[in-house]
Amino acid sequence: MCAGHRKGRSGIGGPLISFEGIDGSGKSTQIAMLKKRLEALGHAVVVVREPGGTPLSEKIRDLLLNPGSSSMDARTETLLFSAARAQLVQEVIIPARERGDIILCDRFADSTLAYQGYGRELPLEEIITTQELATSRLSPNLTVLLDLAVEETEGRLQSTQPDRMERAGKAFMQRVRDGYLKLAQADPDRWLVIDATQEIEPIAREIETYVVQRIVIRS
Ligand code: ADP
Ligand code: TYD
């Protein structure tokens with residue numbers, strides 16, 4: 001474990017790095033590769049995925065993604081994603097930060113802004129306020145956006161049983177992608193936008209270089 005992340009030294013705890021992008025953009029693939037690389041460098045790494053990551057959050061995940069929940073209102077959806085996140089932050093993310101671990105999140109609060117704000121077209125300001133409560137105002141040190149056209153994910157998403165969110169349609173996913181790009185443009189210091197049409201390896205190298213030079217060494 002690298003002492004550089006310990007709370008006493010950085011004052012803020014271990015770095016939190018979130019990965020965002022539309023379904024099938026390559027987040028899980030890149031997170032697994034970055035985890036391996038950071039561990040090889042001697043860092044303690046915690047990976048979490050949203051919604052989920054705690055027993056309670058996994059139950060909420062089932063409610064959210066089950067196609068049987070087709071009557072779910074967009075406000076209910078927003079609050080359930082946020083509730084799953086609140087539990088994950090308290091139970092896993094805050095303790096990991098206090099230990100000085102590097103936390104890699106497969107989605108975080110920006111997913112709710114992109115999917116429920118831009119995708120479902122709920123008021124962004126109200127979602128931001130909800131996220132302040134859900135995250136205890138914890139913001140990622142870095143957010144990696146794997147940007148990809150909606151059509152490009154079609155060959156990648158092989159699931160024969162699309163979940164409830166994957167059934168939301170192409171126009172919805174287009175608004176989500178555009179929303180992510182707007183969020184990234186508004187806060188370029190926090191976001192690293194990657195062209196996710198590239199092969200897996202060059203994307204991994206781009207992310208690793210950025211994380212090692214700008215996030216891990218600095219923290
Ligand atoms: P996400 O976690 O964003 O939903 P995944 O990492 O699960 O995406 O990737 C979805 C599918 O696309 C997987 O089958 C994966 O192997 C493949 N994939 C991931 N990255 C790439 C890439 N850069 N080019 C082509 N296929 C990819
Ligand atoms: P998941 O199978 O984890 O998809 P992916 O591999 O693409 O991350 O399903 C999570 C789904 O929930 C995905 O469609 C994105 C959506 N989602 C929201 O709509 N809002 C949120 O706040 C979060 C965390 C996810």
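Residues numbered from 1 in each chain as written. Chains lettered and ligands numbered in written order. Predicted model: local features only at pLDDT ≥ 70, side-chain atom pairs only at ≥ 80, totals over all residues. Heavy atoms only, no water.

Some remarks on the sheet that holds strand 2 (residues 45–49)
And step 1. Here we have five strands laid out as an open sheet, ordered 2-3-1-4-5, and parallel in their pairing. Strands at the two margins of the open sheet, each flanked by one partner only, are strand 2 and strand 5 (191–195). Pairwise comparison of adjacent strand axes, ignoring direction, gives a mean angle of 20° for this sheet.
And step 2. As judged from the five bridges shared by strand 2 and strand 3 (residues 102–106), these two strands associate in the parallel manner. Bridge assignment links Val 45 to a residue of strand 3, and that residue is Ile 102.
And step 3. Across the sheet, helix 9 (residues 200–216) is in contact with strand 1 (16–20), strand 3, strand 4 (142–147) and strand 5; its angle to strand 4 comes to roughly 165°. (Pairing = 2+ DSSP bridges. Helix = DSSP H or I, 4+ residues; strand = E, 2+ residues; numbered from the N terminus. Axes fitted to C-alpha atoms, helices over the stretch in contact; angles between N-to-C directions. Contact = heavy atoms within 4.5 Å.)

Comments concerning the side chain of Thr 143
And step 1. Checked against the element boundaries, Thr 143 lands in strand 4.
And step 2. A distance of 2.9 Å separates polar atoms of two side chains, one belonging to Thr 143 and the other to Ser 18.
And step 3. A distance of 2.7 Å separates polar atoms of two side chains, one belonging to Thr 143 and the other to Arg 190.
And step 4. The contacts of Thr 143, once residues within four sequence positions are left out, are Ser 18, Glu 20, Asp 110, Arg 190, Trp 191 and Leu 192. (Polar contact = N/O pair within 3.5 Å; in protein donor to acceptor, adjacent residues only side chain to side chain.)

A look at empty space enclosed by the protein
And step 1. A full pass over the atoms with the stated rule returns one cavity of 30 Å³ or more.
And step 2. Put simply, the largest cavity is a space of about 30 Å³.
And step 3. Elements that contribute at least two residues to the lining of the largest cavity include exactly strand 4 and helix 8 (170–186).
And step 4. No other element matches the three residues that strand 4 contributes to the lining of the largest cavity.
And step 5. In the lining of the largest cavity, the residues fall into five nonpolar, one polar and two charged. (1 Å grid on protein atoms, 1.4 Å probe; cavity = no way out; pocket = protein on both sides within 12 Å on 5 of 7 lines; lining within 4 Å. Points joined across faces, edges and corners; volume = space filled by probe spheres on them. Nonpolar A, V, L, I, M, F, W, Y, C, P; charged D, E, K, R; others polar.)

What about the nonpolar core?
And step 1. Core analysis: the largest hydrophobic core is formed by 24 residues, its most contacted members being Leu 64, Tyr 115, Met 173, Val 176 and Tyr 180.
And step 2. When contributions to this core are tallied by element, the ones reaching two or more residues are helix 3 (55–65), helix 4 (74–99), helix 5 (109–119) and helix 8.
And step 3. Looking at this core element by element, the count peaks at six residues for helix 8.
And step 4. Aside from chain neighbours lying at most four places away, what touches Tyr 115 is Gly 21, Ile 22, Asp 23, Arg 107, Arg 120, Met 165, Phe 172, Met 173, Val 176 and Tyr 180.
And step 5. Grouped together as the second largest cluster of nonpolar side chains are 21 residues, Leu 34, Val 45, Ile 102 and Leu 142 included. (Core = buried A, V, L, I, M, F, W, Y, C linked by side-chain atoms within 4.5 Å. Buried < 20%, exposed > 50% of the residue type's maximum accessible area, 1.4 Å probe, protein only.)

What about the site of ligand 2?
And step 1. As a matter of local geometry, ligand 2 sits amid 15 residues, with Asp 23, Arg 85, Arg 107, Thr 112 and Gln 116 nearest to it.
And step 2. At 3.1 Å, a side-chain N or O of Arg 85 approaches an oxygen atom of ligand 2.
And step 3. Thr 112 has a polar side-chain atom sitting 2.6 Å from an oxygen atom of ligand 2.
And step 4. Coverage of ligand 2 by the protein amounts to 90% of the 540 Å² it exposes when considered alone.
And step 5. When atoms are counted within 2 Å of each cavity's grid points, the one that captures over half of ligand 2 is the largest pocket.
And step 6. Of all the secondary-structure elements, those providing two or more residues to the shell around ligand 2 are helix 3, helix 4 and helix 5.
And step 7. Here the element with the most residues in the shell around ligand 2 is helix 5; it accounts for four residues.
And step 8. Residue composition of the shell around ligand 2, grouped by class: five nonpolar, three polar and seven charged. (Near = heavy atom within 4 Å. Areas by Shrake-Rupley, 256 points an atom, 1.4 Å probe, with all protein chains shown as cover. Sits in = over half its atoms within 2 Å of the grid points.)

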